[in-house]
Amino acid sequence: MQHTVITEIGTITEPDKALLLRMWDVDVPAGNRPFQHHRHFNFEIMYVRAGSGSYTTEHQTFAILPGDIFIFSSNEMHCITDVHSQGLQITNLQFSPRFLQMCTAESHSAIDAVFCFKHHPDFANRIPSAAAQKLAEIFLQIRREFLCNDAQTPLSVQAQLLLFLVSLVRHHSYLPPKTSSAQLQRYDIQPVIAYIEEHFCEKITLQELSALTGLTPTYFSTLFKQIVGISPWNYISSKRIDKAIRLICSSECQLNILQIASECGFQNSTNFNKTFKKFTGITPSEYRTNRSFEIS
């Protein structure tokens, strides 16, 4: 029986070892796979090196063909549901919205941490190989940089990734339509994003977050969802579940499920299990025993 093979290519971490960006190769054997409600906090780029199959999202099923690139924004549901007879060879890259926040802190570009959470309604997750050549060149250069692995690798990966995202905006209509509301544009929620990044494992109240913008809690919550695409609570829950997944998958983590729940800001295991299943389609225990969900 053939098994999925995952090969790490490279990572970029913060000084405290928090994961910012990761790239890995996956060889997936042929066969049908059940649809899982798989989603995660990180922005994902997938490049198809060889093979074919099907990718299913919340709204449609796409063909997978060599040279294709797939883009999934944060919390966007996706799952490989079929791999044809030759198997499938793919390379995945995921990065935290915080990575963009750090790269573009002084920039006036539309590419920032919020960029990761929604795209134009007409943007299809699949960019076919004929239209993806420029993106593929940049993506494969990132892979080569990781394989080179010298002192300049993190800076070069950052530069190449920003070029990739600029091309995605300029040539593939990724960004959502600009809001026509001048009132929305008056408010900067980056301080809120930064605050959540620092404190998401602690107790956070809507009053705390809204105070950072000077808005009432109700209006702040509405504004946050309009700008980011999800509610403040779903944003915080996404961060917590993303950390929980990293702990569950870590070979160095010796914590049990209840301890992981507490470490990630959940007050009890019931709430943790319910939220985890909402975001991944399975329980934490099922995730721990089946790492194949990592390639969904």
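Reading the values: rules and limits
Residues numbered from 1 in each chain as written. Predicted model: local features only at pLDDT ≥ 70, side-chain atom pairs only at ≥ 80, totals over all residues. Heavy atoms only, no water. Helix = DSSP H or I, 4+ residues; strand = E, 2+ residues; numbered from the N terminus. Rg over C-alpha atoms; globule rule 2.2 N^0.38 Å. Buried < 20%, exposed > 50% of the residue type's maximum accessible area, 1.4 Å probe, protein only. Contact = heavy atoms within 4.5 Å. Areas by Shrake-Rupley, 256 points an atom, 1.4 Å probe, with all protein chains shown as cover. Lys, Arg positive; Asp, Glu negative; His and termini not counted. Charge placed at Lys NZ, Arg CZ, Asp CG, Glu CD. Axes fitted to C-alpha atoms, helices over the stretch in contact; angles between N-to-C directions. Left-handed = near helix turned anticlockwise from the far one by under 90°. Nonpolar A, V, L, I, M, F, W, Y, C, P; charged D, E, K, R; others polar. Pairing = 2+ DSSP bridges. Salt bridge = Lys/Arg side-chain N within 4 Å of Asp/Glu carboxyl O. Parallel < 35°, antiparallel > 145°, perpendicular 65-115°, else oblique.

A. Representation of the overall build of the protein chain within the structure. A count of helical and extended segments in the protein chain gives 11 helices and eight strands. Compactness check: the protein chain gives a C-alpha radius of gyration of 19 Å against a globular reference of 19 Å for 296 residues, within 12% of the reference. Along the first, second and third principal axes, the C-alpha set of the protein chain runs to 55 × 45 × 40 Å. Expressed as a percentage of the 296 residues in the protein chain, the buried residues total 52%. Look at the contacts in the protein chain between residues 6 or more apart in sequence, and 70% of them connect residues 24 or more apart. Total accessible area on the protein chain is roughly 14,300 Å²; 50% of this is exposed by carbon and sulfur atoms. Distance between charge centres in the protein chain, computed from 25 positive and 26 negative side chains, equals 4 Å.

B. Local environment of the packing of helix α5 (residues 190-199) against helix α8 (residues 232-249). Their axes nearest at 10 Å, the elements α5 and α8 cross at an angle of 35°. Crossing of α5 over α8 shows right-handed handedness. The segment α5 lies against α8, with I193, I196 and E197 engaging Y235, I236 and K239. Taken together, the residues of the contact of α5 with α8 break down into four nonpolar, no polar and two charged.

C. Region of interest: the pairing of strand β5 (residues 61-64). Residues of β5 alternate between two faces, with F62 and I64 buried on one and T61 and A63 left unburied on the opposite face. Both strand β4 (residues 43-57) and β5 contribute to a ladder of four bridges, which runs antiparallel. Pairing of S54 across the sheet is with A63, part of β5. Between β4 and β5, which pair antiparallel and follow one another directly, the connecting turn spans three residues.

D. Looking closely at the side chain of E145. With respect to the element layout, E145 can be found in helix α2 (residues 133-148). Of the side chains with opposite charge, R144 comes closest to the buried, unpaired E145, at an N-O distance of 7.3 Å.

E. Here's a closer look at the packing of α2 against helix α3 (residues 153-172). Running from N to C, α2 and α3 point in directions that differ by 170°, and their axes come no closer than 9 Å. One finds that α2 runs roughly antiparallel with respect to α3. The residues of α3 that touch α2, namely those facing K134, L135, I138, F139, Q141, I142, E145, F146 and C148, are T153, S156, V157, Q160, L161, L163, F164, S167, L168 and H172. Residue composition of the contact of α2 with α3, grouped by class: 11 nonpolar, six polar and two charged.

F. Quick look at the side chain of S73. Its place among the elements puts S73 in the loop between β6 (69-72) and β7 (78-95). Setting aside residues no more than four positions away along its own chain, S73 makes contact with F43, C116, F117, K118, H119 and Y174.

G. The arrangement of the pattern of salt bridges in detail. As enumerated under the stated definition, the model contains nine salt bridges in all. Salt-bridge contacts for D25 lead to R49; the nearest nitrogen and oxygen are separated by 3.5 Å. Here D25, found in strand β2 (residues 19-28), pairs with R49, found in strand β4; they are 24 residues apart in sequence, far enough to count as distant. Of the residues examined, R49 reaches a relative accessible area of 27% and is grouped as partly exposed. We note a salt bridge from E198 to R98, for which the minimum N-O separation is 3.9 Å. With a gap of 100 residues between them, E198 in helix α5 and R98 in helix α1 (residues 97-103) connect regions that are remote in the sequence. R98 gets classed as buried once you look at its relative accessible area, which sits at 16%.

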